[in-house]
Amino acid sequence: MEDLTFEQAMKRLEEIVSRLEAGDVPLDQSMTLFEEGTKLSAYLSKLLDTAEQKVIMITAQNGTETEVPFDTEEGE
């Protein structure tokens, strides 16, 4: 899953939601799709949190905006 872009993961999650909402998927397949959907949701949340932290860390230095590297390992 780590190799998916945000857009790819979001598209797959939307596909899963559509299939589950349709209600024509057998229970065992619904459970598999639900599990995949929850993993995608967590992955997307992590990507958004990382992006948010990068935006927060943009600072004004000497009148120009500079992005400060964000260490994703810190605080986990």
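Rules behind the numbers
Each residue is numbered by its place in its chain's sequence as written, counting from 1. For this predicted model, a pLDDT threshold of at least 70 governs which residues receive local features, and a threshold of 80 or more governs which side-chain atom pairs are given and counted, while totals over whole chains, interfaces and linings are taken from all residues. Computation of side-chain values: all heavy atoms of the structure, hydrogens and water removed. Numbering goes from the N terminus for both helices and strands, where a helix is a DSSP run of H or I of at least four residues and a strand is a run of E of at least two. Relative accessibility decides the category of a residue: with a 1.4 Å probe and only protein chains considered, values under 20% of the type maximum give buried, values over 50% give exposed, and everything between is partly exposed. Pairs of residues are marked as contacts when any of their non-hydrogen atoms sit within 4.5 Å. Areas reported as accessible are Shrake-Rupley estimates using a 1.4 Å probe. Residue values count occlusion only from the protein chains shown. By nonpolar core we mean a set of buried residues, namely Ala, Val, Leu, Ile, Met, Phe, Trp, Tyr and Cys, connected to one another through side-chain atoms within 4.5 Å. Each salt bridge in this description consists of a side-chain nitrogen of Lys or Arg and a carboxyl oxygen of Asp or Glu lying within 4 Å of one another. Per-residue confidence from the predictor is given as pLDDT, running between 0 and 100.

1. Observations concerning the overall build of the protein chain
Looking only at helices and strands, the protein chain features two helices and two strands. The N-to-C order of helical and strand elements in the protein chain reads α-α-β-β. Sorting the 76 residues of the protein chain into buried and exposed places 14% on the buried side. Taking all contacts inside the protein chain whose residues are at least 6 apart in sequence as the whole, residues at least 24 apart take part in 45%. Only carbon and sulfur atoms are counted for the fraction: they give 54% of the accessible area of the protein chain, which is about 6,000 Å².

2. Brief notes about the nonpolar core
Listed in full, the eight residues of the largest apolar core are Ala-9, Leu-13, Ile-16, Val-25, Leu-33, Leu-40, Tyr-43 and Leu-44. Only helix 1 (6-22) and helix 2 (27-56) provide two or more residues apiece to this core. Every residue in contact with Ile-16, bar those within four places of it in the chain, is listed here: Leu-33, Glu-36, Gly-37 and Leu-40.

3. Observations regarding the pattern of salt bridges
Following the criterion strictly, the structure yields three salt bridges and no others. With a shortest N-O distance of 2.9 Å, Glu-36 and Arg-12 are connected by a salt bridge. Residue Glu-36 is found in helix 2, and its partner Arg-12 is found in helix 1; the two are separated by 24 residues along the sequence. With a closest N to O distance of 3.5 Å, Lys-39 and Glu-35 form a salt bridge.

4. Things to note about the environment of Met-1
With respect to the helices and strands, Met-1 occurs in the segment before helix 1. Separated by 38 residues in the primary sequence, Met-1 and Lys-39 have C-alpha atoms spaced 8.7 Å apart. Setting aside chain neighbours within four positions, we find Met-1 in contact with Lys-39, Leu-40 and Tyr-43.

5. A short note on the confidence of the model for the protein chain
This prediction gives the protein chain a mean pLDDT of 84; 72% of its residues lie at or above 70. Mean pLDDT across the elements of the protein chain ranges from a minimum in strand 1 (residues 58-61), with 50, to a maximum in helix 1, with 97.

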